[in-house]
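Spelled out, the chains give:
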Amino acid sequence: MASENIAAISTALSASGVAVIRVSGDSPLSIAQKMFTPVGKTGVADFEPYKMYVGEIHADGFNDFGLCVYFKGPKSFTGEDVVEFHCHGGIAITRGILKKVLSLGARMATNGEFTKRAFMNGKLSLASAEGLIDMINSESESGARAGYYLYREKLTAEINALQDQITDVLAQIDCDMDFPEEDLEETSTKAVEQTLESVLEKISSLVKSYRTGRTLKNGVKVGIVGKPNTGKSSLLNALLDYDKAIVSDVAGTTRDIVEGRIDLNGVRFNFSDTAGIRESGDKVEELGVLLSKKVLDESDVILFVMDGGNITAEDDQIYSMVKDKNLLVAVNKTDVSKVKDDRADIYVSAKSGENLQGLKDMLFEKTALSGVDLNGDFLCEERHYQALKKAEEKLRSALSSIGTVTLDILAIDIKDGWDALGEISGRTATEDIINDIFSKFCVGK
Amino acid sequence: MTTFIEGQFDAVVIGAGHAGCEAALALARTGFNTAMLTLNLDSIAFMACNPSIGGTAKGQIVREIDALGGEMGINADGALLQIRMLNRGKGAAVQSLRGQEDKNYYHTLMKKTLENTPNLKIVQGEAVEILTDEKCEKVTGVKTAFGGILECKSVVVATGVYLNGSVIAGEWKQNSGPNGFQSAANGLTENLVDLGFNVRRFKTGTPARIDGRTIDFNKLEIQDGERDVYPFSFMSERVPQKQTPCYLTYTNEKTHDIIRANLHRSPLYGGLIKGTGPRYCPSIEDKVVRFSDKERHQLFLEPEGADTNEIYVQGMSTSLPHDVQKAMYRTVKGLENCEIMRYAYAIEYDCIDSLDLYPTLEYKKIKGLYTAGQINGTSGYEEAAAQGLVAGLNASLAMRGEEPLILSRDDGYIGVLIDDLVTKGTNEPYRMMTSRAEYRIVLRQDNPDFRLTEKGRKAGLVSDERYKVYLDRVRQYNLATEEMKRTVKPKEAEELLQKHGYAKPQTALSKADLVRRGIALAEIKQEFGGFEEISKEILDTVEIDAKYEGYLQKGLDQIEKAKRLEEKMLPPDIDYMKINGLRIEARQKLDKIRPQNLGQAGRISGVSPADIAVLMVYLTK
């Protein structure tokens, strides 16, 4: 099957030390031949596969000094011949090199095309492909680990084992129905019950791990609330400043205004701050705005900030609205006032930096991750979570109906549970799932 | 040998077993001049094994054949000795009729029907060659062993177990069809190989028939028939009210000891039998070896007919030598003094690979050539008859230039059967089971006419008389469904609900609501009236439909979803061998079977969901 050469920048398009441009197809090496001059004696055409060669990359209008490596298909990511240029980072350099590659006959890769080719050439299973997206997209260490869990197909193996268990039960019931006069033992409802219970136990623990997995993947959402001028912004800035591993000023997703992110114990914390909106007007209504339901509902932790020198009835009102949430109350401005408050969990000063480490520790403790071994395996894919929930529901319904419904009906619920698991293991892949997966791939991988 | 023209026909059916009969009737009844060629007129519709029709899933098939305008149901009703509904306690989806038949009368009745069918000529003779045009692209006739040539445009091959049949018991083996009938051993297999078929060898077996006068029935558990069930056919009035019983008995350790001591004389273990036998219908020596911890195996004693003493010993088929058979049958309770009238035997026969067929059962390489029944690798009278009907009717439709009749997996068990045969193929004699169907809640035996009669009518096989019966059932069903929606005032429903342990209803409840609460429709009818002039069968269907409503809807949703894959057609010229993402096994299977759509591709064994994903992506390229 003839395969066009496709190319893309495989690393993030930003100022960075090193960047990679990848070309995959029938003849990427012939492109490299026209734009790479190795330092050593070996010409590009004679490049040994899987070996890095140093030399001059001739870009569009400039040269960069970098590396070139050739992966010979089918032993490559896409299963085709692949060439990678490792150049210096930066938007201008990488774009210039890509432009050159394209001018030499390669075509710009579409969304997810590399992965799609890898999949088409049998290099990746569906679950692996999904795990890979998670790894690429995850921004923290733990997130990458959760993705890896999938990538290694561990989840698939677990689900397969569960499906096998259910298959046994179904086979027993079907046998009972298809061979009613064969002097077989009647279906032991006890055995069915036991198997379903054991399967459900495993499914439940996977479902539970989703909360952790999702948190690892998406990060912990912290909503900062408080009336104006309690120092929310300065506290946030202090937290961001305090930790050097900051990714600051990242324009957030469309979902919420992410003011900043920090990494705590390898887990990403996303702060949303809706403060300072209020200027004037009806108080009750503005409180509603201030504590927008969205922030309250979507945050994993609510950080309520009070000004130690100015605790008012307005604080009481806010407190009453958030007190049932997973709440952390910080009294700010200890540099100004040493006043105590019953509701406070911690006293800090954004200005002097007092107790900021303590605040971070407390934030981490407030998450579901506290006390969890983050080296474990966690489910993190929404689709898998939904499938497991569905399987759980069906199997639970089957379990509870044992003895009250006829076998033909019991078998339907059990089979539905099996099918739901199949959405993960791939034993029943539907077109929708596949389309969904491929639309999620990002260029460059 | 001198050849001569035996006659000119539209179609020739080779074989007069359960497949051949339905094929011939489907062709003749739709107006085609048809010849039916059989080795022996006395073996028409012969029940070579069990004297029974139906059973789990098979009962559904009989009712579906009937709904399409086939003959099996009517014939089975006519020769009934006993009828029962199996799986009563296990749910409506898996309930099936099973009838004990008078074997001789079944044959006589079917022969009579065939003989009196216009357009049908029955000829005794052995087919030895299927004639084609020079390019071997389409059928032109059939040649008999006597040199007679039957010219025709369509041929349905339904040779059952007669094709190179050989019968084995112990060290004894001889070329023969079942029951001592002559086998077709004069070159038809070689001819099929020449025509490009992949010919294989399967095996099956049958137990001994013993003299009923030598059985001590007093020692045995009796199993009577049921008089308040409906018959197989919608055209039959009712089941016989006088029925013949069956009896239950068991093997024991003594039986098993004799079998074990003589295993070395078994052709199965000695290597004399090379054909592949079915897993679900093992011989008694197979059961004893494979399930050695089982202390007993159940046996059914079934009457072979009303005017014979022969009793069929279901569950004890064997190919052990006759002296061993005699000894082991006599170890069984009630059979201590039994006299065997016909000994058990195994039979090997040639069959083709059903993957070489289209869903119409037409052979992919030769136009007008169809195969049906055991030659396609199935076992069972019902499976055979269903294929006969589909092959015959499709041959007829093709000659008329009309759309083929292809039943899908949600149309009926017949659809499942044929899709399995042409998509998955089979490596052992194939038997229908309810677990092979994805939508068994939809494919119930109480509603086959609602699923199929319109299709049968369109294809021209459903007679006016049958269609009238169907329309009346539809009318009743609609009336009853309306009545089910009628509500009962809370006050009136109160007493009935409380009697069943429910609280007082807050609002008016429909009769369907009451059914869903587990109250029998008969009771509701008695209490609140309505449903006048609605037959009991229709009431059953309406009740099941109400009770299973949620599950039915889900089944229908799944069917809709599955249809989307069925609608993704695969181009006929697709080169699977060059699609790198497919695993090698999948490439080979797809290349061989060349499925018509993605749904069918997904059901091929050896083609995984990942392969289907690859195909989907390939199709969007």
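Scroll up for the structure.
So, a few notes on the structure that sits alongside this text. Every chain begins its residue count from 1, and numbering advances along the sequence as written. Each chain is given a letter, starting from A, and each ligand a number, starting from 1, according to the order in which they appear as written. Local features in this predicted model are restricted to residues of pLDDT 70 or higher, and side-chain atom pairs are both shown and tallied only at a pLDDT of 80 or more, whereas totals for entire chains, interfaces and linings draw on every residue. Hydrogen atoms and water are omitted, and side-chain values are computed over all heavy atoms in the structure.

## A few points about the pattern of salt bridges
Put simply, a salt bridge is a Lys or Arg side-chain nitrogen that is within 4 Å of an Asp or Glu carboxyl oxygen. In this structure the tally under the stated criterion is 59 salt bridges over all chains. Note that R107 of chain A is salt-bridged to E4 of chain A, the shortest N-O span being 3.1 Å. In this pair, R107 of chain A is assigned in strand β7 (residues 107–108) and E4 of chain A in the segment before β1 (6–9), connecting sequence segments 103 residues apart. The shortest N-O distance in the salt bridge between K143 of chain B and E129 of chain B comes to 3.6 Å. Secondary structure elements are defined from DSSP: runs of H or I of at least 4 residues count as helices, runs of E of at least 2 residues count as strands, and each element is numbered from the N terminus.

## Focus: the sheet that holds strand β3 (residues 36–38) of chain A
Paired through backbone hydrogen bonds, the strands of a sheet run either parallel or antiparallel to each other. All names here are of chain A. At least two bridges found by DSSP between two strands are what make those strands a pair. The mixed open sheet is built from seven strands, whose spatial order is β3-β4-β5-β6-β2-β1-β7. Where the open sheet ends on each side, the last strands, each with one partner, are β3 and β7. In this structure, strand β2 (residues 18–25) lies alongside strand β6 (residues 81–88), joined through eight bridges in antiparallel fashion. Following the sheet pairing, A19 is matched in β6 by C87.

## Examining the environment of L272 of chain B
Residue and element names in this part refer to chain B. Looking at where L272 falls in the secondary structure, it is placed in the loop between α7 (267–270) and α8 (284–290). It is 8.3 Å that separates the C-alpha atoms of L272 and I168, two residues lying 104 residues apart in sequence. The residues touching L272, leaving out its near neighbours within four places in the chain, are I168, G170, E171, K173, P267 and E348. A contact between two residues is defined here by any heavy atoms of the two lying within 4.5 Å.

## Quick word on the nonpolar core
We define a nonpolar core as any set of buried Ala, Val, Leu, Ile, Met, Phe, Trp, Tyr and Cys residues linked to one another through side-chain atoms lying within 4.5 Å. Three exposure classes are used, based on accessible area relative to the maximum for each residue type with a 1.4 Å probe and protein chains only: buried under 20%, partly exposed in between, and exposed over 50%. Counting residues in hydrophobic clusters, the biggest one holds 98 residues, and the most contacted among them are I53, I130, L369 and I414 of chain B. Examining the composition of this core, we find that ten residues originate from one element, helix α10 (residues 381–400) of chain B, more than from any other. Excluding residues that lie within four positions of it along the chain, I130 of chain B makes contacts with I14, V139, G141, V157, L188, N191, L192, L195 and L369 of chain B. Counting 44 residues, the second-largest nonpolar core is a separate cluster that includes M177, L196, L388 and I409 of chain A.

## Considerations on the packing of aromatic side chains
Any two of the Phe, Tyr and Trp rings considered here, Trp counted by its six-membered ring, make a pair once their centres fall within 6.5 Å; the pair's planes then place it as stacked at under 30 degrees, edge-to-face at over 60, or tilted in between. All chains considered together, the criterion is met by eleven aromatic pairs over all chains. For the pair Y50 of chain A and F71 of chain A, a centre-to-centre distance of 6.1 Å together with 65 degrees between the ring planes defines the contact as edge-to-face. Pair noted here: Y50 of chain A is in the loop between β3 and β4 (52–58) and F71 of chain A is in strand β5 (residues 63–71), with a separation of 21 residues, a long-range link. With relative accessibility at 44%, the residue Y50 of chain A sits in the partly exposed group. Cluster of aromatic residues (ring-pair linked, three or more members): F36, F47, Y53 and F85 of chain A. Put simply, a charge is over a ring when the Lys NZ or the Arg CZ is close to the ring centre, within 6 Å, and near the line of the ring normal, within 35 degrees. Over the ring of Y347 of chain A we find K340 of chain A; its NZ or CZ atom is 4.3 Å from the centre of that ring. Between R296 of chain B and the ring centre of Y250 of chain B, over which it is positioned, the NZ or CZ distance is 3.6 Å.

## Regarding a nonpolar patch on the surface
The patches reported here contain residues having more than 30% relative accessible area and no salt bridge. Joining distances are 9 Å for like charges and 5 Å for nonpolar side chains (Val, Leu, Ile, Met, Phe, Trp, Tyr). In these tables, accessible area is a Shrake-Rupley quantity obtained with a 1.4 Å probe, and a residue counts as shielded only by the protein chains included in the view. Judged by side-chain polarity, V39, V54 and F65 of chain A come together as a nonpolar surface patch covering roughly 260 Å² of accessible area. Turning to its location among the elements, F65 of chain A is positioned in strand β5.

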